[in-house]
Each structure stands twice: as structure tokens, then as C-alpha cells.
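Listed below are the residues making up each chain.
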Amino acid sequence: MSSILTAVSAWAIPLLVAFIPLYAAYRKVPVYESFTEGAKEGFDTAIRIIPHLVGMMAAISIFRASGAMDMLVGAVAPLFAKLGVPADVLPLALLRPITGAGSLAYTTDLMKTFGPDSFVAQIAATVQGSTDTTLYVLTVYFGAVGIRKAGYALKVGLVSDLVGFFAAVAVCYVVFA
């Protein structure tokens, strides 16, 4: 099973990256011109999201520095332990929907502490690929385009993150344990 997953993951991105421009060229789309136009629009978007990004980063720093994350992890750790989730990955379940850089730093720390081939590190790496930075996406991108009513997107995103977290743990039990 592991060898199949390794082969699929090794070839999926290169095949996709090669397929898209080839298909566009086949459809007579000016590939390079379309790319440069999109890059120009992306730069304009990046400038518009900077204020939202700064606000989100400040909120994350306050959440972590206040000790609120540690209190929340301590409160849910017994429940997660009954579900077979190692307590060491719980902060990642909280960080990942908020910040990609913070969750990556935490994952790196778990790998340094437990080793990259440990079960905890395998769960952390799988969570990194199975969930998204929901609050970051909503704050930055919805703010950049002026969407004010993000309630349903927030609920769906956070439920998806929770499902992705537990699916990552379950997949790790099937593949690595």
C-alpha cells in the first residue's frame, strides 16, 4: 500500500504541471501571455491582502502568547486520547486552520523531537497535507475581495479541517501502524 501511495505522490504533481500547459496549447490558448497576465493580477491581489495578513498574524501571536492555545489543548487532550490521537499533535489541529507557517514550524519541531519517521511526525505531516488554513484564507482572501458574510464558509471550512485531521490520523493508522 505504501509503495502505491509513494508512486502516486511522486508522479501526480509533475504530470499535472506538464498536462496543463500542453492542454492549453492544444486548445490554442496563448500560454505564456495568459501566465504573465495572471501573474500581474496576482501581484495586485498580494498588495490588497497585506493589511488583512498583518491583522491575522497579530491575532495569531496574541492567541499563542496568551496561553489560550495551551489551555484549549489541555481541555481536549483526554477526549482525543480516547480516540487514539497522540496529544503531541493536538496543537497542530488548532494551528493548522489558523496559520500555515505556524503549523509548519510546529510540525518541524515535532519531527526534531520525535524523529521524522516517528508515528507522531507521520501524523503531523499527513495533517499538513490534509487540512487547510481556513481562517487565514477567509481573513485574507475574503477580505481582499470585500466578502463580509463568511459564516457558512467558516463553518464548512472548520468542519472540513476537523474531518481532514481525523482522516489523516486514520490513514496513518492504516498505512504506518
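Here the structure is shown first, and the text comes after it.
This structure is a prediction, so every number in the text was calculated from the model and none was measured. (Residues numbered from 1 in each chain as written. Predicted model: local features only at pLDDT ≥ 70, side-chain atom pairs only at ≥ 80, totals over all residues. Heavy atoms only, no water.)

## Focus on the overall build of the protein
The helix and strand inventory of the protein stands at 8 helices and 0 strands. Taking the principal axes of the C-alpha coordinates as reference, the protein spans close to 55 × 45 × 30 Å. Residue burial in the protein is summarised as follows: out of 177 residues, 28% are buried. Taking all contacts inside the protein whose residues are at least 6 apart in sequence as the whole, residues at least 24 apart take part in 68%. When the accessible surface of the protein is summed, it comes to about 11,300 Å², and 71% of that surface belongs to carbon and sulfur atoms. A distance of 8 Å separates the average location of the 11 positive side-chain charges in the protein from that of its 10 negative side-chain charges. (Helix = DSSP H or I, 4+ residues; strand = E, 2+ residues; numbered from the N terminus. Buried < 20%, exposed > 50% of the residue type's maximum accessible area, 1.4 Å probe, protein only. Contact = heavy atoms within 4.5 Å. Areas by Shrake-Rupley, 256 points an atom, 1.4 Å probe, with all protein chains shown as cover. Lys, Arg positive; Asp, Glu negative; His and termini not counted. Charge placed at Lys NZ, Arg CZ, Asp CG, Glu CD.)

## Here's the deal with the pattern of salt bridges
Tallying each qualifying case throughout the model produces 1 salt bridge. With its nearest N and O atoms 3.8 Å apart, the salt bridge here joins glutamate 37 to lysine 40. With glutamate 37 and lysine 40 both in helix α2 (residues 31-65), this residue pair falls 3 residues apart, about one helical turn. Judged by relative accessible area, which is 37%, glutamate 37 ranks as partly exposed. (Salt bridge = Lys/Arg side-chain N within 4 Å of Asp/Glu carboxyl O.)

## Here's the deal with the environment of alanine 153
Within the secondary structure, alanine 153 is located in helix α8 (residues 151-175). Between the C-alpha atom of alanine 153 and that of leucine 138, which follows or precedes it by 15 residues, the distance is 7.8 Å. Not counting residues within four places of it along the chain, the set of residues in contact with alanine 153 comprises Leu138 and Phe142.

## Digging into α8
The terminal C-alpha atoms of α8, which comprises 25 residues, lie 36 Å apart, in line with the 36 Å expected from a rise of 1.5 Å per residue. Taken together, the buried positions of α8 are occupied by Gly157, Asp161, Gly164, Phe165, Ala168, Val169 and Cys172. Where α8 is buried, its residues contact α3 (68-82), α4 (90-95), α6 (119-130) and α7 (134-145). (Expected span 1.5 Å × (residues − 1).)

## Re the nonpolar core
Among the nonpolar cores identified, the biggest contains 19 residues, and Val85, Val89, Leu90, Leu110, Ile123, Val127 and Phe165 are the most heavily contacted of them. Only α3, α4, α5 (100-114), α6 and α8 provide two or more residues apiece to this core. When near neighbours in sequence (up to four residues on either side) are disregarded, valine 89 contacts Leu110, Val120, Ile123, Ala124 and Phe165. (Core = buried A, V, L, I, M, F, W, Y, C linked by side-chain atoms within 4.5 Å.)

## Digging into the layout of surface pockets
Taken as a whole, the largest pocket spans an internal volume of roughly 290 Å³. What lines the largest pocket is a set of 15 residues, and nearest its centre among them are Phe80, Ala93, Leu94, Pro97 and Leu162. For the lining of the largest pocket, the elements supplying multiple residues, two or more each, are α3, α4 and α8. By residue class, the composition of the lining of the largest pocket is 12 nonpolar, 1 polar and 2 charged. (1 Å grid on protein atoms, 1.4 Å probe; cavity = no way out; pocket = protein on both sides within 12 Å on 5 of 7 lines; lining within 4 Å. Points joined across faces, edges and corners; volume = space filled by probe spheres on them. Nonpolar A, V, L, I, M, F, W, Y, C, P; charged D, E, K, R; others polar.)

## With respect to the packing of aromatic side chains
In the structure shown here, the tally under the stated rule is 6 aromatic pairs. Look at phenylalanine 19 and tyrosine 23: their rings are 5.6 Å apart centre to centre, the planes differ by 20°, and that puts the pair in the stacked class. In this pair, phenylalanine 19 and tyrosine 23 are both assigned in helix α1 (residues 2-26), 4 residues apart and thus about one turn of the helix distant. Judged by relative accessible area, tyrosine 23 falls into the partly exposed class, the value being 40%. Ring centres 4.9 Å apart and planes at 65° place the aromatic pair phenylalanine 119 and tyrosine 173 in the edge-to-face group. (Phe/Tyr/Trp six-rings, centres within 6.5 Å; stacked < 30°, edge-to-face > 60°.)

Fair warning: the whole summary comes from geometry, so function is off the table for now.
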